[in-house]
Every structure is written in C-alpha cells, then in structure tokens.
Amino acid sequence: MTNTSEMKNIAVIGAGTMGNGIAHTFAQSGFKVQLIDLSEASLKRGMDTIARNLDRMVAKEKISEADKAETLGNITTFTSTEDGVKNVDLVVEAATENIDLKLKIFKQLDAVCSENTILATNTSSISITQIAAVTSRPEKVIGMHFMNPVPIMKLVEIIRGYSTSDDVTTTIMDLSKTLGKVPTEVNDYPGFVANRILMPMINESIETLYNGVAGVEEIDTVMKLGMAHPMGPLQLADFIGLDVCLSILNVMYDGFKNPKYAPCPLLVNMVMAGKLGAKSGEGFYDYTESRKAEKIASQFLK
C-alpha cells in the first residue's frame, strides 16, 4: 500500500475552475504540484485565479504573505502531459466533463505514467469503471470528486470503480484528510451521491419555472428560507454551469433509463442558446448587470 506520507508530487490535468482549485489546495498543503493544460494562456488564467484566491485569504488574515508565496512556489506549469506527469505519485484529472475526452486522457496517462502512479478523476458523474477499463491498471483508478470552490468546500466524494483496490481507496481517503477535507466513500453509479440527489432537485426547480409556478427569485427564496439552503437551486445551477448540469443529467438519464432524470426543455434551450450561467454572463440571473434576473430565462419559457 502507498503510504500517504510518501506522496509528495501531484499532477493536476486542467487549469480551469476545478483544476486550479485542486492545484491550490494541494500546494497549500505542502505538496509539489505539476499543473497541466493545453495552452500557456489557460495555465496563466489558472495561476492568476489561484493568486487572487490566495490574496483574499491574506486579506482575511487566514494565511500570511509568506504562505501565499510558498503555495505559489509549490506549483509548476506544463503544456506537455508527458513532461508534467514525470515522477508523480498521483494524477488528478479535472478536464471538461466529457466521456470521450476523459477516456483519451486516461489512455495517455496509463501509457506515460509510472506503473505505481494512482490515476484519479474529478468527474462528477461519469463511470469510474468505464474510465478505468481503458487503462492497464484499473485497480489504481479512482474517483476523487471535489466540490466547488475547492479550497473552501470540505467534502470529497471518493468513488471506487469495480476494480479499485482497497489499498488505493484507503490511500486516497487518508490523503484527502491531509488536505483538511472530509472524504466520503461511495460506489460507482451515475451521479454518485452528490449529483444523483442535487441534479434532480435543480432540474425540478427549472421545471417549476418552465411550468410558470413561480419566478426565478421566488423559487430560490423558497429554498433558501424554507429549506435553509445557503443558495437557491437556480442560482447554484448558474454557478455550476448550465452546460455542466445538462451533461450530468444526460449521464444519469442514459445510465438509469429513467425519465425522472430527463433534462427540462428550458435547460436544454438555454444551453443551446449559450446561456450557461455565471461563466457566460447570463443564465437564470444576469451577471452582466445589463438586464433583470428573470428576463433571460423568460424568453425561453413556453
């Protein structure tokens, strides 16, 4: 079994929202991180985001300027996967939630990584067993699903594929604890636990809007004040990304063949129109401050 104390070098695939958050978290915990993305521009955006988030922590006196400098110093960037995964104990893949892309990445990782390297994916819904099947080391493939924003949220879903070994599971559970996280082991079924429960709630909230039961702010207010949710489901969908919500619902619908997971037509239309939420500036709420919150969604209502 790999001893958690022996794990020093981590590679993270993808410098986007989740990837830079995962890199930040490992680096702040003292690990050497090799952050990999296709372009220097993507890597620069990711590193700029990490620096800004660290600045906020300094401003709140949660860390010192020296801590910030040390965290940034622990991260090295690469545009070459082969170079970026040399001498690492663990790779965490955090690329776009696309099954074909993930299978391609894991085939490549299996070919270029040391035989002892554990391969983890941050997928929020895709089968770990399916991903592991394209490698020659399925016992060393595991799901490590962080929550967004990664440096703040405590939960990590640890998902065992059909062949994931007990030793690898224990190692990743222990490693998550060294990051200050609370790892929770779940089995490999579409959506796992978090999204199997969350996405139908978000989808039903969109259906409620679509059917004219209430408006965007009213639906979110009911869930915030009535159910003690810190953020309403429609606003949360905007921050997750409506395209990501649609992708996860499609994975669950395909996996279970159950109509209760079928995405609401309003969600489908909004994604097709490029209204993806906060990242596009428009979703159920207006993030450009140019239009009222409900105007964006209302144009797609039947």
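Definitions and cut-offs
- Residues numbered from 1 in each chain as written.
- Predicted model: local features only at pLDDT ≥ 70, side-chain atom pairs only at ≥ 80, totals over all residues.
- Heavy atoms only, no water.
- UniProt positions renumbered as here; feature names shortened; annotations may be inferred.
- Contact = heavy atoms within 4.5 Å.
- Polar contact = N/O pair within 3.5 Å; in protein donor to acceptor, adjacent residues only side chain to side chain.
- Helix = DSSP H or I, 4+ residues; strand = E, 2+ residues; numbered from the N terminus.
- Expected span 1.5 Å × (residues − 1).
- Buried < 20%, exposed > 50% of the residue type's maximum accessible area, 1.4 Å probe, protein only.
- Arc of directions from axis to C-beta.
- Salt bridge = Lys/Arg side-chain N within 4 Å of Asp/Glu carboxyl O.

1. Things to note about the UniProt feature "site: Important for catalytic activity" (unreviewed entry) in the protein chain
Thought 1: The positions that UniProt labels "site: Important for catalytic activity" (unreviewed entry) are, in the present scheme, His145.
Thought 2: Among residues more than four places away in sequence, those in contact with His145 are Thr121, Asn122, Thr123, Ser124, Leu155, Val156, Glu157, Ile159 and Asn195.
Thought 3: Engagement of the side chain of His145 in a polar contact is seen with the side chain of Glu157, the distance being 2.8 Å.

2. A short note on helix 8 (residues 194–210)
For an α-helix the count is 3.6 residues per turn, leaving residues at separations of three or four pointing the same way.
Thought 1: Its 17 residues place the ends of helix 8 24 Å apart at the C-alpha level, agreeing with the 24 Å of an ideal helix rising 1.5 Å per residue.
Thought 2: When we look at burial in helix 8, the residues that qualify are Asn195, Met199, Ile202, Asn203, Ser205, Ile206, Leu209 and Tyr210. With its buried residues spanning 155° around the axis, helix 8 presents them on a single face. Turned more than 90 degrees from where helix 8 packs its buried face, Ile197 and Glu204 sit exposed.
Thought 3: Count one or two residues on from helix 8 and you reach Gly212, which has phi positive near 75°.

3. What about the pattern of salt bridges?
Thought 1: According to the stated counting rule, one finds eleven salt bridges in the structure shown.
Thought 2: With its nearest N and O atoms 2.8 Å apart, the salt bridge here joins Lys44 to Asp48. Remark: Asp48 and Lys44 occur in helix 2 (residues 40–59); sequence separation between them is four residues, near one turn of the helix.
Thought 3: Its salt-bridge partner being Lys86, residue Asp83 comes within 3.7 Å of it at the nearest N-O pair.
Thought 4: In this structure Asp83 comes out as partly exposed when scored by relative accessible area, which is 37%.
Thought 5: Here the salt bridges do not stand alone but share partners, grouping Glu93, Glu97 and Lys102 into one network.

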